[in-house]
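Working through the structure, step by step
These are the residues of each chain, in order.
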Amino acid sequence: MINLEKLFENFLSAAVKNFPGKYKTPADLEEDMPKLYEKWLNTPAKSLGGLSPTAYVDELDKKGLIFDYITEILSSGGEVSDVVTEKMLQNPDAVFELPSMCRSGNEALVSYAAENLQKTESKEADEVFLEAAANAEANPALRRYAYEYLSSGKERLLDELLELSETLDGDAKDFLMEILACYKGDKRVYYALVTMLYRAENVPLYADLLAKYDDPAAIDVLKSFADENPEINYQEFLELRYAVERLGGEWTAEKDFSEDPLYKFQHEDEKTGRENPLDELEKAVKAETAYKRDDDSDGYVS
């Protein structure tokens, strides 16, 4: 099968060669790109049997070969042309074929399929991404697309996400809670985050997610957790403090961490003069807090 992206590249090279005065710089070519692409789509080519790229793709689709074409191109290291993707998404079989591609072992195929499955907003897309979110061993690229999809205002899936979270533990649970933290305003999510904080299995993560959830009620929760758990380490203490400050609260708690390995490492840097990445992290958090704070109120601007 013909690689249409390479064919388009050849078309552009010919345009530059034939009109050297017009395309002196890459910027000149970029400016004309929409027109050139439209012309290419409708220009018959010998390598396509006299068909234009648009007609060639239409033929692939009519013969039921559009998904085979995509698989072959991606499996050989090529890129799928936009004209192919647009036609594929119009095919009613896309919601069945794309999930199969998502479960393949080819990274390029998984990423392509997941990106385009998102666009279908279908029941099949919901199922694929929920399955990937719940499986810590799923393809990392697929999980990234699952996060994007499920965290982007899918209120219709909120009940299912909450129910699913109750069945998980470990990394899969944490991943799903990161998604749920994007659904602000639902108290079920807030209470689930608080519950996970108090389990103390991953204090830094859940302190951060409570700050991300952006409910000021979490300020007292975070402070109380620190008071009630004197065994917390230096990293956990810092993350709790940062979360409170991001929510607009003030942190007054103190604790002796002189024996904590991370604390000793940080302060050893101070003695030797080495730059410490933790200092940069603290500066970044303070800068973000200052940016978000509304100087005319006690809260935060959205």
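For the structure itself, consult the block above.
Please read all numbers here as calculations on a predicted model, not as lab measurements.

Concerning the overall build of the chain
- Scanning the chain for helices and strands turns up 17 helices and 0 strands.
- Looking at the 302 residues of the chain, the share that counts as buried comes to 45%.
- Approximately 16800 Å² of the chain is accessible, and the part contributed by carbon and sulfur atoms is 49%.

Notes on a negative patch on the surface
- Residues Asp68, Glu72, Asp93 and Glu97 make up a contiguous surface patch of negative charge.
- Structurally, the position occupied by Glu97 is in helix α6 (residues 94-102).
- Take Glu97: its relative accessible area is 33%, and that puts it in the partly exposed class.

Thoughts on the nonpolar core
- By size, the foremost hydrophobic cluster in this structure holds 93 residues, and its most contacted members are Leu4, Ile70, Phe129, Leu222 and Leu240.
- The leading source of residues in this core is helix α13 (residues 203-213), at 8 residues.

As for the packing of helix α12 (residues 187-199) against α13
- Direction vectors running N to C along α12 and α13 enclose 155°, while the axes themselves pass 9 Å from each other. The orientation of α12 with respect to α13, classified from their angle, is roughly antiparallel. As for the relative orientation of α12 and α13, their crossing is left-handed in sense. Along its contact with α12, which presents Lys187, Val189, Tyr190, Leu193, Val194, Met196 and Leu197, the element α13 presents Val203, Tyr206, Ala207, Leu209, Leu210 and Tyr213.
- In terms of residue class, the contact of α12 with α13 is built from 12 nonpolar, no polar and 1 charged.

A word on α13
- The element α13 is largely enclosed, with a buried count of 9 among its 11 residues.
- When we look at burial in α13, the residues that qualify are Val203, Pro204, Leu205, Tyr206, Ala207, Leu209, Leu210, Ala211 and Tyr213.
- The secondary structure elements touched by the buried residues of α13 are α11 (170-180), α12, α14 (218-228) and α15 (234-246).
- Directly after α13, the chain includes Asp214, whose backbone phi takes a positive value near 70°.

Quick notes on the rules
- Residues numbered from 1 in each chain as written.
- Predicted model: local features only at pLDDT ≥ 70, side-chain atom pairs only at ≥ 80, totals over all residues.
- Heavy atoms only, no water.
- Helix = DSSP H or I, 4+ residues; strand = E, 2+ residues; numbered from the N terminus.
- Buried < 20%, exposed > 50% of the residue type's maximum accessible area, 1.4 Å probe, protein only.
- Areas by Shrake-Rupley, 256 points an atom, 1.4 Å probe, with all protein chains shown as cover.
- Patch = residues over 30% accessible without salt bridge, like charges linked within 9 Å, V, L, I, M, F, W, Y side chains within 5 Å.
- Salt bridge = Lys/Arg side-chain N within 4 Å of Asp/Glu carboxyl O.
- Lys, Arg positive; Asp, Glu negative; His and termini not counted.
- Charge placed at Lys NZ, Arg CZ, Asp CG, Glu CD.
- Core = buried A, V, L, I, M, F, W, Y, C linked by side-chain atoms within 4.5 Å.
- Axes fitted to C-alpha atoms, helices over the stretch in contact; angles between N-to-C directions.
- Parallel < 35°, antiparallel > 145°, perpendicular 65-115°, else oblique.
- Left-handed = near helix turned anticlockwise from the far one by under 90°.
- Contact = heavy atoms within 4.5 Å.
- Nonpolar A, V, L, I, M, F, W, Y, C, P; charged D, E, K, R; others polar.

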